[in-house]
Amino acid sequence: MRTSAPLLVACDIDGTLVRTGSPATAAVRAAAAQVRAAGHHIVLATGRSLVGALPVALQLGLDDAWIVASNGAVTAHLVGDHYQVTQQHNLDAEAAIRVAVAAAPGVRIAAERVGTGYRVNIPFADYELNGAQHSVRGLEELWTHPTPRIALQGPSGYRLVWALRALGLTAIATRRDWVDVTAAGISKATALEKVRTELGVEPGDTVAVGDSENDVEMLGWAAHGWAMGHAPPFVIAGADHVTGTLDDNGAATVLFSLLG
């Protein structure tokens, strides 16, 4: 890897840069600042919605950066404290919701409103969604407006994955009771490839760090994929390298290693 050339460094947020609900450690903040000062590009690549990713970007001092949010369904360019959505891939929300409700009556459904929050059929706990929650009166209000991602929550929610994939949608069970749904063929990797082209970074000068199922494609896409030490075995198997755990500031270790 040519650390003298500008690198694209894609970093997952939860479980990689931060512990969910906690700020980034001093080590992660220092590492991010030094990598940026060296002329490299840090791109946040997260399952969070854009409204949830923005505070982390600002916390890390990323005032001119790209953000890949909603598992690749939304891409935005942040300059200062303003952003522009450059790409948004919407899904067939009606088909996904009808299948989910038929298979799991009572399932909680959240349809993302980019930059704002979510429309929900049943309120979620505040800590589970970023941004405001707008309760709808009928399910049809969840698909009336275009949405890039739907979150489904309920006991054994992971069982919905196969039915949703049968529709051609991208469905990822991030927990046994939680499934994220986006359009077909969408992942962090597909969005990052477009960012790479926009930045003019060579394919061999790409780095990615992640810890979860929604990071597998990203780790395979990067020339140098790093799995966090606490990642599941199948995620580690898809990476080129393994760093420390979240408690070890593993992401900071990777970032510091890029400074030569």
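Counting of residues starts from 1 at the beginning of each chain's written sequence and follows it residue by residue. Per-residue local features of the predicted model are confined to residues with pLDDT of at least 70, and side-chain atom pairs are confined, for both listing and counting, to 80 or more; whole-chain, interface and lining totals are unaffected and use all residues. Here the side-chain values reflect all heavy atoms present in the structure, with hydrogen atoms and water set aside.

Trainee: A description of the overall build of the protein should follow, citing residues and the corresponding values.
Mentor: Scanning the protein from terminus to terminus reveals nine helices and 14 strands. Taking 18 Å as the expected radius of gyration for a compact globule of 260 residues, we find that the protein reaches 18 Å, a close match to that expectation. Each principal axis of the C-alpha atoms in the protein carries an extent, and together these give about 55 × 40 × 30 Å. Residues counted as buried form 49% of the 260 residues belonging to the protein. Looking at the protein alone, contacts between residues at least 24 apart form 53% of all its contacts between residues at least 6 apart. What sets the accessible areas is the Shrake-Rupley method with a 1.4 Å probe; for residues, cover comes only from the shown protein chains. Carbon and sulfur atoms form 52% of the exposed surface of the protein, whose accessible area is close to 11000 Å². Looking at the protein, you have 18 positive and 25 negative side-chain charges, and the mean spots of the two groups are 5 Å apart. Every helix listed is a DSSP run of H or I at least four residues long, and every strand listed is a run of E at least two residues long, numbered separately from the N terminus. With the radius of gyration taken over C-alpha atoms, the globule rule is written as 2.2 Å times the number of residues to the power 0.38. Throughout, exposure labels follow a simple rule: accessible area from a 1.4 Å probe, protein chains only, divided by the maximum for the residue type, with under 20% read as buried, over 50% as exposed, and the rest as partly exposed. Here a residue-residue contact requires only that any non-hydrogen atoms of the pair lie within 4.5 Å. In this charge count, Lys and Arg are treated as positive and Asp and Glu as negative; neither His nor the chain ends contribute. The atoms used to mark charge sites are NZ of Lys, CZ of Arg, CG of Asp and CD of Glu.

Trainee: Lay out the nonpolar core in plain terms, naming residues and giving numbers.
Mentor: Soluble, globular proteins show a tendency: their nonpolar side chains are buried together. Ranked by size, the top nonpolar core spans 36 residues in total, and within it Val9, Leu17, Leu44, Leu60, Leu62, Ile67 and Leu255 carry the most contacts. Put simply, the parts of the chain that give this core at least two residues each are strand E1 (8–11), helix H1 (26–37), strand E2 (41–45), helix H2 (50–59), strand E3 (64–69), strand E4 (74–79), strand E12 (206–210) and helix H9 (250–257). Broken down by element, the residue count for this core peaks at five residues, all from H2. If we skip the residues at most four places from it in the chain, Leu62 touches Arg36, Ile42, Leu44, Ala57 and Leu78. To form a nonpolar core, buried Ala, Val, Leu, Ile, Met, Phe, Trp, Tyr and Cys residues must be joined to one another through side-chain atoms within 4.5 Å. With 22 residues, the next largest nonpolar core counts Leu91, Ala100, Ile109 and Leu164 among its residues.

Trainee: Please set out the packing of aromatic side chains residue by residue, giving values where relevant.
Mentor: For this analysis, a ring pair means two rings from Phe, Tyr or Trp (six-membered ring only for Trp) whose centres lie within 6.5 Å, classed as stacked if their planes differ by under 30 degrees, edge-to-face if by over 60, and tilted for the remaining angles. Taken as a whole, this structure holds two aromatic pairs when the rule is applied. Centroid distance Phe124 to Trp178: 5.7 Å. Interplanar angle 70°. Geometry classified as edge-to-face. With Phe124 in the loop between strand E7 (117–120) and strand E8 (132–135) and Trp178 in strand E11 (residues 178–182), this residue pair connects regions lying 54 residues apart in the sequence. Using a relative accessible area of 5% as the deciding quantity, one classes Phe124 as buried. Given the relative accessible area of 7%, Trp178 is considered buried. With a centroid separation of 6.5 Å and an interplanar angle of 75°, the aromatic rings of Tyr158 and Trp162 are classed as edge-to-face.

Trainee: How would you summarise the sheet that holds strand E9 (residues 150–153) if you had to cite specific residues and measurements?
Mentor: Reading across from one edge, E8-E7-E6-E9-E11-E10 is the order of the six strands in this open sheet, with mixed pairing throughout. Of all strands in the sheet, those with a lone pairing partner are E8 and strand E10 (170–175), marking the two edges. Across this sheet, the average inter-strand angle for adjacent strands is 25°, counted without regard to direction. In the sheet, E9 pairs with E11 via four bridges, with the strands oriented antiparallel. By the bridge assignment for E11, Ile150 is matched with Val181. A fitted line through C-alpha atoms represents every axis, and for helices the fit uses only the stretch in contact; the resulting angles, taken between N-to-C directions, go from 0 to 180 degrees. On top of the sheet, helix H3 (residues 93–103) reaches strand E6 (108–113), E9 and E11; it is set at about 5° to E9, its chief contact. DSSP calls a pair of strands paired once it identifies at least 2 bridges connecting them.

Trainee: Could you give an account of the environment of Gly204, with specific residues and numbers?
Mentor: Along the chain, Gly204 turns up in the loop between helix H6 (188–199) and E12. It is 27 Å that separates the C-alpha atoms of Gly204 and Val18, two residues lying 186 residues apart in sequence. Contact partners of Gly204, with chain neighbours within four places excluded, come to Ala223 and His224.

Trainee: How would you summarise H6 if you had to cite specific residues and measurements?
Mentor: The terminal C-alpha atoms of H6 lie 16 Å apart, and with 12 residues this matches the ideal 16 Å at 1.5 Å per residue to within 8%. Listed as buried for H6 are Lys188, Ala189, Ala191, Leu192, Val195 and Arg196. Each buried residue of H6 lies within a common arc of 155° when the element is viewed along its axis, so the set occupies one face. Pointing more than 90 degrees away from the buried face of H6 are the exposed residues Thr197 and Glu198. Buried residues along H6 sit in contact with E1, E2, E3, E4, E12 and helix H7 (216–221). The backbone nitrogen of Ala189 has a side-chain oxygen 3.2 Å away, supplied by the residue at the start of H6, namely Ser187. In the stretch just after H6, Gly200 is the one whose phi turns positive, near 75°. For a helix, the expected span equals 1.5 Å multiplied by the residue count minus one. Here the arc refers to the directions that run from the helix axis out to each C-beta atom. Pairing of N or O atoms within 3.5 Å defines a polar contact, subject to two protein rules: one partner must be a possible hydrogen donor and the other a possible acceptor, and residues neighboring in sequence count only if both atoms are side-chain atoms.

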